[in-house]
Amino acid sequence: MVFRFLLISGLLASTAQAGELEGVELEDRVEVDGQPLELNGMALRTRLYFKVYVAGLYLPQKVTSAQSAIEGHGAKRIVLVMMRDATADQFCDSIEGGMVNNSSEAEVELVRPQTEALFAKIRAVGTARTGMRIVLDYSPSAAATTLFIDGIAQGAPMQGADFFRALLRIWLGERPAQPDLKRMLLRQDEQAKE
């Protein structure tokens, strides 16, 4: 009986320590650049009627303000778990469009070398397949962003804090890829209920 209680308690504890959306599970806490991060929020990106990916945003502490998430100091992580296949060109076009919609022309040009480096890495991978885990980690000690595909780093990190801020604005900017995705990543719907 005690074993059964411990087993059930252990299962509940492990379930409670992960975020879940659309069958995608993300850890509540991760470490980037030696810094603990918390899962700030999860959201489903859709396009027309199709589920494209589940996104997760990790920050040093939970926030509901886009400005705090974008401008705040410390390590950060964006996770995208693909819900359908997308070609490299589709993926790159989506990133480019999100940057242009949420950054000034000068900001886009400032990070053009890093953006082109990211696009080269994405094109080298090819199609983003269903279930693929795409991670963008910002490491403040190096002031650089590293792309991971299914846990494997894809080439050298891309330098500059401005680049990661431009990436975050795709989902959290004034004209985000999807407004409800922004609200969910920032837990704004939860705050409204409180």
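Thresholds applied
Residues numbered from 1 in each chain as written. Predicted model: local features only at pLDDT ≥ 70, side-chain atom pairs only at ≥ 80, totals over all residues. Heavy atoms only, no water. Helix = DSSP H or I, 4+ residues; strand = E, 2+ residues; numbered from the N terminus. Expected span 1.5 Å × (residues − 1). Buried < 20%, exposed > 50% of the residue type's maximum accessible area, 1.4 Å probe, protein only. Contact = heavy atoms within 4.5 Å. Salt bridge = Lys/Arg side-chain N within 4 Å of Asp/Glu carboxyl O. Axes fitted to C-alpha atoms, helices over the stretch in contact; angles between N-to-C directions. Parallel < 35°, antiparallel > 145°, perpendicular 65-115°, else oblique. Left-handed = near helix turned anticlockwise from the far one by under 90°. Nonpolar A, V, L, I, M, F, W, Y, C, P; charged D, E, K, R; others polar.

A. Fine view of helix 6 (residues 161-172). The end-to-end C-alpha distance of helix 6 is 16 Å, a good match for the 16 Å that 12 residues give at a rise of 1.5 Å each. Burial runs high along helix 6: nine of the 12 residues are buried. Buried residues of helix 6: Phe163, Phe164, Ala166, Leu167, Leu168, Arg169, Ile170, Trp171 and Leu172, and no others.

B. Representation of the environment of Ser139. If you trace the backbone, Ser139 turns up in strand 7 (residues 133-139). Residue contacts for Ser139: discarding those within four places in its chain leaves Val32, Asp33 and Ala144.

C. Fine view of the environment of Ile134. Mapped onto the elements, Ile134 comes out in strand 7. Separated by 14 residues in the primary sequence, Ile134 and Phe148 have C-alpha atoms spaced 5.9 Å apart. With sequence-adjacent residues up to four places away left out, Ile134 is seen in contact with Ile78, Val79, Leu80, Met82, Phe91, Ala128, Leu147, Phe148 and Ile149.

D. Summary view of the side chain of Thr115. Structurally, the position occupied by Thr115 is in helix 5 (residues 112-125). Ignoring any residue separated from it by four or fewer positions in sequence, one finds Thr115 in contact with Glu96, Met99 and Phe163.

E. Quick peek at the pattern of salt bridges. With the rule as written, the count across this model stands at 10 salt bridges. Measuring nitrogen to oxygen at the nearest pair gives 3.5 Å for the salt bridge that ties Arg112 to Glu109. Accessibility expressed as a relative area gives 21% for Arg112, which makes it partly exposed. Judged by its relative accessible area of 45%, Glu109 falls in the partly exposed class. Residues joined by salt bridges that share partners form a network here, namely Glu96, Glu109, Arg112 and Glu116.

F. A look at unusual backbone geometry. Positive phi, close to 55°, is recorded for Asp33, a residue that is not glycine. Tracing the backbone through its elements, the reader meets Asp33 in the loop between strand 3 (29-32) and strand 4 (35-47). Positive phi, close to 50°, is recorded for Ala143, a residue that is not glycine. Take Ala143: it is sitting in the loop between strand 7 and strand 8 (144-149). Overall, the relative accessible area of 28% leaves Ala143 in the partly exposed class.

G. Geometry of the packing of helix 3 (residues 88-102) against helix 6. Two numbers describe how helix 3 lies on helix 6: the axes approach to 8 Å, and their chain directions differ by 95°. In terms of axis orientation, helix 3 runs roughly perpendicular to helix 6. Touching Ile95, Gly98, Met99 and Asn102 of helix 3 are Phe163, Ala166, Leu167, Arg169 and Ile170, all from helix 6.

H. Focus on the packing of helix 3 against helix 5. Contact geometry for helix 3 and helix 5: axes closest at 9 Å, N-to-C directions at 160°. What the angle tells us is that helix 3 and helix 5 run roughly antiparallel. The two elements helix 3 and helix 5 meet at a crossing, and its hand is right-handed. Contacts between helix 3 and helix 5 involve Ala88, Asp89, Phe91, Cys92, Ile95, Glu96 and Met99 on the former and, on the latter, Arg112, Thr115, Leu118, Phe119, Ile122 and Arg123. By residue class, the composition of the contact of helix 3 with helix 5 is eight nonpolar, one polar and four charged.

The values reported here are purely geometric and, on their own, carry no functional implication.
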